[in-house]
Each structure stands twice: as C-alpha cells, then as structure tokens.
Amino acid sequence: MTGDFVTSPEPILRVSNLTKTYSKRSWFSPGGPPKAALNGISFNLSERETLAFVGPSGAGKSTLVRCIAGRERPDSGDIWFAGEDRRAIQLIPQDPGTSLNPRLTALQVVSEPGAGRRVPELLSMVGLPVESSGAKVTAFSGGQRSRLALARALACDPRILILDESLASLDLPVQAQMVNLLLDLQDRLGLAYILIAHDLGIAGHFADRIAVIDEGRIVEEGPPVELFQRPQHPRTRSLIACAPGGIPC
Amino acid sequence: MRAGGDSVLIRYLARRALHAVLLLFGVSALSFALVDLAPGDYFTDARLNPRISSETVAGLRGEYGLDRPLPVRYLRWLRSAMAGDLGVSLAYNLPASALLAPRAGNTLLLASSALALAWLAGVPLGWWAATRKWPGRILSFAASAALTIPELLMAVMASIVAVRTGWFPAGGHLALPALVLAAGSMPVVIRHTRAAVLEVVDSPFLVAARAHGISEGRLVFRYVLPAAANPLISLAGLSLGTLLSASLLVEVILGWPGLGPLLLEAVYARDVPVIVGSIVISAVFLMLGSLVADVALYACDPRIRVEA
Amino acid sequence: MTRLWLVALTLAAIHLAVALAGFISPYDPAEQHRDYPFEPPMAVHFFDSGGNFHLRPFVFSAGRMYPLQVLVNGKLFQVEEPGHVFLLGTDAFGRDQFSRILHGGRVSLGAGLLATLLTLLAGLILGSVAGFYGGWRDTVLMRLAEVFLALPWLYLLLGVRAFLPLSLDPVRTFLLTIAVIGVVGWARPARLFRGIVLSAKEREYVYAARGFGASSLHIFSWHILPDLRSAALTQATLLIPQYILAEVTLSFLGLGVGEPAPSWGGMLAPLREAGMLTSHWWLAMPAFALLPVVMCYYAAISTSPSDR
C-alpha cells in the first residue's frame, strides 16, 4: 500500500512517486548493477504534523530527506511545497554538532542565515542562555549544540523541520528534553516535522504518523498505536520486536 | 587470484602508457604555445643585422617553417616527432634528434649511476642508523643538515675540490658528477630507510617472530627489508623529478655532456627545436621512471591492488 | 618551540639586514674600485701592532690604519678617503662584496618571497575553482596541472625562461624572474588546495549554509578559506627557500638579473671558472649568505606544528 494516506487538513508538502537510483559505473570499472535508493515514494505532510520514517539502514531514508531538503535531485517524481522559499524546509543532520563550523561563535552561527537582531530571541526559544552567544561552538556540549543547530534552523522561519536521526547521538535524558522542546516549538510556531529513525524508539512516542520504509518504498503507514497493534508487514514486525523502549501503549 | 593479477597488471600498464602518451601531447603542446607567446625568434637578431637583407631572413624563416601559424607548426612537428625526427637545430643546422640522442643517453647514464650509488650506500647506512641508537640519531641529523645544501653549491665545491686535489679526472668524467648527484639524494634515502626500518622493527608481527626464535639475520632479509622497500620505492618514483633537475645543474657546472648544457646553450641561442626536444625527453624520462617505480612497487608488494 | 623562535629571529635578522642594505653597506654595489681587484677580506682590529687597545675599531687599507667612522653620511660605517673598507673583499672589478651581498639579497630573497606569493595566489585561485565548482573546470585545470607536473622542475623553468627576452633592464628582469618562477610552480599547491576544498565543501555546515541559501562567496570565505590558511602557510615555508634557490640558479646561469645589478647567483657565477675559487676564496661568500636562509626555512618546516 503505497497510495496517498489522506489526512484531514490541506497538506503543505506533497511528495509523489519519487525515484532515485545510484550507479557506480565509471569508465574503467563496470561496477555492480545500479542500486535503487528510492523506488516510488509518495506521501503528504500537513501543518503541525509529525511524520516519522522508520526503517533499517540502507532503506533509502536519508536519500529521501536529502531530496526533500533539495540537496539531491530525484530521478523522477515530484515534490510540491506550499511555501515558495526552500529555506522554509530545514534539515537537522544526524549529529547536529557537525553542522556547526567549530571556528564560529554561537552568535555567528545563529545569525548566519541573516537574522542578526533576533539572535537573543532565538537562543532563548531553544533554551540557551543569551549570554552564551559570544562563546565558541566548541565550548558547548552535545545537547547544547543540537539546540544551537535548532536555533539556526528557526532563524530561517521554517515550516518543515527534517530531523535526520538528529537525536540519536544524545543521551536519553537529553533526548527527552529535546523532544519536549520540539513539541513545544510545534505548538508555538505550527511546525511540521519529518522524523527519520532506524528503530521505533522515539518515533513511537513523538510521531503522529509512522511510515515504515524498506528497500526504497513505503511498506506500511499509519498512526503509531494502529501500527503497533496490527502490524501488517514483516519489516514492521521485526522493528517492533527490536524496539528498545518497549511499545507505547 | 594469481592469473587474474597478471591481467590486472597488464590492463594497468596499458592505461598508464595511454596516459603517458596523452601527457606527452600536453607537454609538447605547452612548449609550442610558449614558443608562440614569446616575442621574437631565432632570426630576430639577424633582422637587425644590416648585412642580412630582410628577404633573406624571411626566406630562412620560411625554410624552417617559422612563418606558419602555431597549430600547423605543432602538427608538423608532432608528425615528424612520432617518426623520431625532432626538427632541425637552428644553431647547429643539424637534426635535433642527432644532437639530443647522445646527450639524453649521457643524462640517463649519470642519473641512473647516481641513483644506484645513492641507494647502494644510503640503504645500508639508513638501516645501520635504525639499529644503533645514538650513532643513528647523529647520522639522521647530519642527513637532514646535508639535505639543505643546494646542489648548486655542492657542485661548485666539488669542482674546487677536484681541481685542488687532482683526485678526479678533470671535466667530462662520470665519477665526479655522479658522486655529487648521489650525495645530494642520499640524505633522503638514509632518512627514509631509517624511518621505514624503525617502523617495521616495532611492529607486532616482528615482535612475535622474534619471540618464536627466528634468527635476526633471517628476519631482516625475509621481513624487515621487504616491508621497508615499499615506501622507499615510492620515494624513488617521487624524487625522480628532483634528481633530473639536480642533474641538469650538476651537468652544467661539472661539464658533463648531458642534456643540461645542451638545453642551456639552446636557451641562450633560442634554438627552439632543441629546447622543445630536450623538454619532451625530460618528460619521457620522468614518466618512464615513475612507471618503473610503480611496477616495482606492484611486484614487491602484492597487497597493492591497482586502483581502477 | 625555542628552536622555532631561533629560526624566526635569524630569518628576521637576515631579512632586516638585506632590507636596510642601503644603510648598512658602505659602498654602492656597482661602484668599481679599479685599483683594488680581488682584494681579500679585511679584518676589523681592536689592537694595533703595539698591542694597544683602541675603542674605535680600525682596518688596514694599503698598509695604513683607518678607524671605522660609525653613522656618518647616512651610512652605518665608513673609513676616511683614501682608505677603503672591504669586509668581505672585492671581486674582479674591485666592487665591495659586502655591499653586493646585501643588495643582491634584495633580489634573491625578494624574488623568493614574491614568487611564492604569486604561486600561492595562483594555486589558491585555480585550486579553489577546481575543487569548489568541479565539473569541466576541475577536469581542465587538473589535466593542465598534470602536464606541468610531468616535467622535471628545472627543465620546465628553463623552458619557460627560454621564450622570454634574455637581456632587459634589471627591474624588468627581476619582475620577469618572479613571474616565471611563480607561474611554473602553480600546479602542486593548486592540487593540494583543491583537495582541501573538496573535503571542506562536503562538511555538514557547508550543506547547512547551502540549505539557508548562502551565496558561494559567503560559503567560501566563511567555511572553506580558513581551512586553506594553515596549508598555505606550510606551503609558503616549503616554497620560499626553493624559490630563492630558483632565482639564484637562474642568475647563476645568466638567465636572471644581470650585471651590473648584484644577485647571489650572479656573484657565484665566476666560480664556474676553474681555479677562481682556489685563488679568491672570498668569492664564495654569497653561498654563506644563502645557506643559513635555506637552512632556517627547512628547520621551520620540520618544527612547524602543522607539518605532516
């Protein structure tokens, strides 16, 4: 079932039939057969919605979000976004600290997208002390760097935030704090989240909807509770079996 | 994998050869472009000479093909160069290849004897330095100090010593330039050998082998030297350009009839076919040298898979 | 760390002395003292033949005592006419070697520094363009770099020099020398910088910057250029001594700044005549100015923390 899952409000992002193939062929080495990373992916995303893509590594999750964020071009398919400006889709990578240039200060990082005067506001929005703006990135802890990356993403006035396993590198208590912060921001700013995870851990607690992705296609999709109670696809079952925190119901 | 390995090597060699040929096209085209950028040519001075009429100069230029546009001249040169004809020397009025061939042979002789000398002396010295603590450090330091002495000064000093002592046959004998050139490249060989041997000596597999009671002499020839050979051969391939440059200078200063003095004369006289010819020959030397080094590297260390 | 300071201090002292050549040297470098060809170096004395101490040091010129006059006529030191002070002797034309070495240092050291600047600038621009934009620009530039690297460096240098005018006024020859040395060496640093740019532009913060629509210029100057800085510095310490030697080599071979302007290579050129040095050893003095400079730079490379 790869068809559109109809959600009530008007979608702000509509992805249809996305495909992308990587081939490692070159002049001298024939290489292997081309590998399909995305194999016809379609979904909609509404305002204030959290959609999680869950699947094993190599399933095509990262390729998917890179296409949505505009870092890569899909081979075919369409990505329609309600906002004109692609800046309104922001990606927070796997280890958010790496997305901050260690030579810069917090102020420079957050003001880089061109939000000079709003820096104090943005810092307090993500729960960082305003006085810390003069400190170098290297002076911040892992959790604080995630917040800093978040503050910079917020400086772009995003409507969609893509979290590409962004919390995976954090300790569990810090993860919980970040989830609360993200939920709080969703309430205040009306953000939509696309969450990428390789297990059902956080996604089960956080997402409105989970799409299980395997071999470049969505194999099953639905609200967490439904998915956990009546898993249809073997991949979903194996993911549930592996869920570290148990299932949220 | 053994049979497959050979075919990989052959494919690799074929690709390298193709690459080298393309590079030679590039090198010769670059030289020709430079000639064209230059103001004036061999006959510019003749034109200023009141006793030579301008018609004569124009005729001469036509005879040597200098009045043609650049691509035409290049293609003509290329066609004859492939047949081994590098044009006619303007200064000697002789085929450039006849001038260049013996000189190239001499440069090859000098460079290879210097290389052999540097290695035959440098590798044992480096190994010795690796196995002795303090003498090793002192020798290593002396080698890095010697590294900073420019070949130019070394050659000048050598010629003075030769004249003073009369130990060496005067001008034109191989011994002195080969010694100077070898002395110039030996410090690097010593330092690299020492470093390579030191690295291998401390490696776990040798510690284990020693614990199993394998004799030291056997260890050295079976394990230490082959393992250290790898970085040394890479080094030889890489330092070939430096060796040829140093050779040019040493040849000029010590009067060895290699490519160097001929090129210098040609530069003074603007003898274009000779200049282009010696530049192309030097490029061929460099390419052949690095090819030999790569094949040797492959032969002595089968772990190296040739990259696609 | 103390070694680095020592090296820096020595280099600074040499460069300062050369920069202040006009003040420190007692004579004009081209001034010929026809009555004093090949005058040996003069010792500075504090004690006269009677063993009496003189606070003001003096030299013996033509058998007479001449006390050094310090800070007169805008010169650091001088002696009264008709005496002469030749601290490092004179050459065949009776020109003061001390003054010529200081002034010649301007040419050699200046050419080294400026040519390095030129190479780094060219390498930085071309390497960054190749790495940052990729595609056909990368292919064209890196193929061209391969052609430049396919030649032994000195052959390339002479080849390029060959096609430029041989005799020009000193200033233009100086600029020409810088241009030739600087341009010939662009390929290696360009490759290095390209590699750094290639890895720098794959950083997550560069993707982030693209994600909020930062301009290429912003990305380059904020996130990539700082990565190049330390590599450029290491390259500079590597290239400066090499380029100083290149200038010395060119002028030694008569292809650099020519007479009457002094340069270290030009001053060493007479040594090519056998026997010149055995009878007039002080003509080798420029070599003793050159050696500490080269050694200091090499020492700086081996101590610098960014050395790999």
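Going by the structure above, here's the rest.
Let us look at the structure shown here. Model, not experiment: these values are computed from the prediction. (Residues numbered from 1 in each chain as written. Chains lettered and ligands numbered in written order. Predicted model: local features only at pLDDT ≥ 70, side-chain atom pairs only at ≥ 80, totals over all residues. Heavy atoms only, no water.)

## With respect to the packing of helix H5 (residues 96–131) of chain B against helix H12 (residues 259–269) of chain B
Residues and elements named next belong to chain B.
Moving on, step 1. Orientation of H5 relative to H12, taken along the N-to-C sense of each, is 135°, at an axis distance of 8 Å. With respect to H12, the element H5 is oriented oblique. Touching Leu-99, Leu-100, Arg-103, Ala-104 and Thr-107 of H5 are Leu-259, Gly-260, Pro-261 and Leu-262, all from H12.
Moving on, step 2. Of the residues contributing to the contact of H5 with H12, the split by class is 6 nonpolar, 2 polar and 1 charged. (Axes fitted to C-alpha atoms, helices over the stretch in contact; angles between N-to-C directions. Helix = DSSP H or I, 4+ residues; strand = E, 2+ residues; numbered from the N terminus. Parallel < 35°, antiparallel > 145°, perpendicular 65-115°, else oblique. Contact = heavy atoms within 4.5 Å. Nonpolar A, V, L, I, M, F, W, Y, C, P; charged D, E, K, R; others polar.)

## As for a nonpolar patch on the surface
Residue and element names in this part refer to chain B.
Moving on, step 1. A cluster of nonpolar side chains, namely Leu-18, Val-21, Leu-22, Phe-25 and Met-82, defines an oily patch on the protein surface of about 500 Å² accessible area.
Moving on, step 2. Sort the elements by how many residues they give to the nonpolar patch and helix H1 (residues 2–37) lands first, with 4 residues.
Moving on, step 3. Position of Leu-18 relative to the elements: it lies in helix H1. (Patch = residues over 30% accessible without salt bridge, like charges linked within 9 Å, V, L, I, M, F, W, Y side chains within 5 Å. Areas by Shrake-Rupley, 256 points an atom, 1.4 Å probe, with all protein chains shown as cover. Salt bridge = Lys/Arg side-chain N within 4 Å of Asp/Glu carboxyl O.)

## Points about the side chain of B:Thr148
Moving on, step 1. As for its position among the elements, B:Thr148 is in the loop between helix H6 (134–147) and helix H7 (151–165).
Moving on, step 2. Assessed through its relative accessible area of 6%, B:Thr148 is described here as buried.
Moving on, step 3. Within the local environment of B:Thr148, its side chain forms a polar contact with the backbone oxygen of B:Ala145, the two atoms lying 2.6 Å apart.
Moving on, step 4. The residues touching B:Thr148, leaving out its near neighbours within four places in the chain, are C:Leu291, C:Val294, C:Met295 and C:Tyr298. (Buried < 20%, exposed > 50% of the residue type's maximum accessible area, 1.4 Å probe, protein only. Polar contact = N/O pair within 3.5 Å; in protein donor to acceptor, adjacent residues only side chain to side chain.)

## Side note on the interface of chain C and chain B
Moving on, step 1. Listed by partner, the interface residues are 37 residues for chain C and 43 residues for chain B.
Moving on, step 2. Per-residue buried area on chain C facing chain B is highest for C:Tyr155, C:Phe163 and C:Thr278; these three make up 23% of the total on that side.
Moving on, step 3. Linking chain C with chain B are 0 salt bridges.
Moving on, step 4. A breakdown of the residues in the side of chain C that touches chain B according to their chemical character gives 31 nonpolar, 4 polar and 2 charged. (Buried area = accessible area lost by both parts, 1.4 Å probe.)

## Description of the packing of aromatic side chains
Moving on, step 1. This model, assessed by the stated rule, comprises 11 aromatic pairs over all chains.
Moving on, step 2. Measuring from ring centre to ring centre gives 6.3 Å for B:Tyr74 and B:Trp77, while their planes differ by 15°; the resulting arrangement is stacked. One end of the pair, B:Tyr74, and the other, B:Trp77, are both in helix H4 (residues 70–82), 3 residues apart, so they sit about a helical turn from each other. Across the pair, B:Trp77 and B:Tyr74 agree in class, each one buried.
Moving on, step 3. Members of the aromatic cluster, each reached through a chain of ring pairs, are C:Phe46, C:Phe47 and C:Phe53.
Moving on, step 4. Above the plane of the ring of C:Tyr207 lies A:Arg66, whose end atom (NZ or CZ) is 5.9 Å from the centre.
Moving on, step 5. Residue placement shows C:Arg137 over the ring face of C:Tyr133; its charged tip is 5.0 Å from the ring centre. (Phe/Tyr/Trp six-rings, centres within 6.5 Å; stacked < 30°, edge-to-face > 60°. Lys NZ or Arg CZ within 6 Å of the ring centre and 35° of its normal.)

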